[in-house]
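Analysis of the macromolecular model
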Amino acid sequence: MKSIYLFASLALFMAMPLFAEKGFAKSTVPTPDGCLQLKVQKPKGEHDLKKAMDMAKEENKFLLVQYGRENCTNCQKVWNMLGDGRVKLPEDYIYADVSVDDAETRMIFEATFSVTDDGRYYPFLVVMGPDGSQLAFRSGLGTPEEYNAMLKKAREDYAIGY
């Protein structure tokens, strides 16, 4: 009887990571000495890309994916724009804040989305339609006005069937 309890306890312990919320993966690139990182006002977002994609389809919403790295200054600036409201995420959007340094996320991102503007700088921002289609992509740092226009245009393109 003891062995059954021991086995059940061990099985439950091993299954715990399956139920835990996925966190943002730590950067594989070290922050240089003396580098002053921004004070980040990070918006609330889903860190599990597959979960966010499924949620957007299920709820018939758009998905804004920010694919980057925690010690990327451009990524931090976009977090701040979303966090302080300069980039306004509409009600019919879900936000996924995912890490390039997570192998599973990288595999899903590369299999699902197309990098269309040379994609040289993080963050990569993708807008996915409620049907799972890629509606917009940009890489590198933009202005709040550019990001807000991208979100609006993606919705308009989706409505007319691009």
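In this text the structure is predicted, and so the values were computed from the model without any measurement. (Residues numbered from 1 in each chain as written. Predicted model: local features only at pLDDT ≥ 70, side-chain atom pairs only at ≥ 80, totals over all residues. Heavy atoms only, no water.)

1. Examining the overall build of the protein
What counts here: Note on conventions: DSSP H or I runs of at least 4 residues are helices, E runs of at least 2 residues are strands, and numbering of each starts at the N terminus. Residue contacts are counted whenever heavy atoms from the two residues lie within 4.5 Å of one another. The Shrake-Rupley method, run with a 1.4 Å probe, gives the accessible areas here. Residue values count only the displayed protein chains as cover.
The number of helices and strands found in the protein is 5 helices and 4 strands. Across the protein, the fraction of contacts at a sequence separation of at least 24, relative to all contacts at a separation of at least 6, is 70%. When the accessible surface of the protein is summed, it comes to about 9,900 Å², and 57% of that surface belongs to carbon and sulfur atoms.

2. So, the packing of aromatic side chains
The condition is simple: Pairing of aromatic rings covers Phe, Tyr and the six-membered ring of Trp, with a centre-to-centre limit of 6.5 Å; geometry is then stacked below 30 degrees between planes, edge-to-face above 60, and tilted otherwise. Only protein chains enter the accessibility calculation, which uses a 1.4 Å probe; a residue whose area is less than 20% of its type maximum is buried, one above 50% is exposed, and one in between is partly exposed. A positively charged side chain is recorded as over a ring if its NZ (Lys) or CZ (Arg) lies within 6 Å of the ring centre. The angle to the ring normal must also be within 35 degrees.
By the definition in use, this model includes 9 aromatic pairs. Aromatic pair Phe-109 and Phe-124: ring centres 6.3 Å apart, planes at 35 degrees, arrangement tilted. Of this pair, Phe-109 sits in helix H4 (residues 103-112) while Phe-124 is found in strand S3 (residues 124-128), placing the two residues 15 residues apart along the sequence. Like Phe-124, Phe-109 is buried. Through a chain of ring-to-ring contacts, the aromatic side chains of Tyr-67, Phe-109, Phe-113, Tyr-122, Phe-124 and Phe-137 assemble into a single cluster. Sitting above the plane of the Trp-79 ring, Lys-42 keeps its charged end 4.0 Å from the centroid.

3. Focus on the packing of helix H2 (residues 49-58) against H4
So the rule is basically this: Only the stretch in contact is used when fitting a helix axis, every axis being a line fitted to C-alpha atoms; angles between N-to-C directions are given from 0 to 180 degrees. Roughly parallel means an angle under 35 degrees; roughly antiparallel, over 145; roughly perpendicular, 65 to 115; everything else is oblique. Three categories are distinguished: nonpolar for Ala, Val, Leu, Ile, Met, Phe, Trp, Tyr, Cys and Pro, charged for Asp, Glu, Lys and Arg, and polar for the others, with Gly belonging to the last.
In contact at an axis separation of 9 Å, H2 and H4 are set at 45 degrees when each is read in the N-to-C sense. One element, H2, and the other, H4, form an angle in the oblique class. For the pair H2 and H4, contact is made by Leu-49, Lys-50 and Met-53 and by Thr-105, Ile-108, Phe-109 and Thr-112, respectively. Residues belonging to the contact of H2 with H4 are distributed by class as follows: 4 nonpolar, 2 polar and 1 charged.

4. Side note on unusual backbone geometry
Going from Tyr-122 to Pro-123, the amide bond is cis rather than trans, its omega being 0 degrees. The topology assignment puts Pro-123 in the loop between H4 and S3. Positive phi, normally seen in glycine, also occurs at Asn-60, with a value near 55 degrees. For Asn-60, the location among the structural elements is in the loop between H2 and strand S1 (62-68).

5. A closer look at the pairing of S3
For the record, the criterion: Should DSSP find at least two bridges between two strands, the strands are taken to pair.
Taking burial as the measure, the 5 residues of S3 include 5 buried ones, the bulk of the element. By the alternation rule, side chains of S3 split into Phe-124, Val-126 and Met-128 and Leu-125 and Val-127, which are all buried. Pairing of S1 with S3, which is carried by 5 bridges, proceeds in the antiparallel orientation. Residue Tyr-67 lies in a different strand from S3, and its bridge partner there is Phe-124. If you look at the hairpin formed by S3 and strand S4 (residues 134-139), you'll find 5 residues sitting between the two strands, and Gly-132 has a positive phi there, around 95 degrees.

6. Notes on H2
For the record, the criterion: The arc in question is the one traced by the directions running from the helix axis out to the C-beta atoms. Polar contact is defined as a pair of N or O atoms within 3.5 Å, subject to the rule that within protein one atom must be able to donate a hydrogen and the other to accept it, and that residues adjacent in sequence are counted only when both atoms are side-chain atoms.
Residues of H2 that are buried include every one of Leu-49, Ala-52, Met-53 and Ala-56, and no others. Each buried residue of H2 sits inside an arc of 100 degrees when the element is viewed along its axis, so together they form one side. Buried residues belonging to H2 abut S1, strand S2 (93-99), H4 and S3. For H2, the N-terminal cap is Asp-48; the gap from its side-chain oxygen to the backbone nitrogen of Lys-50 is 3.2 Å. Trailing H2 by a residue or two, Asn-60 shows a phi angle of about 55 degrees, which is positive.

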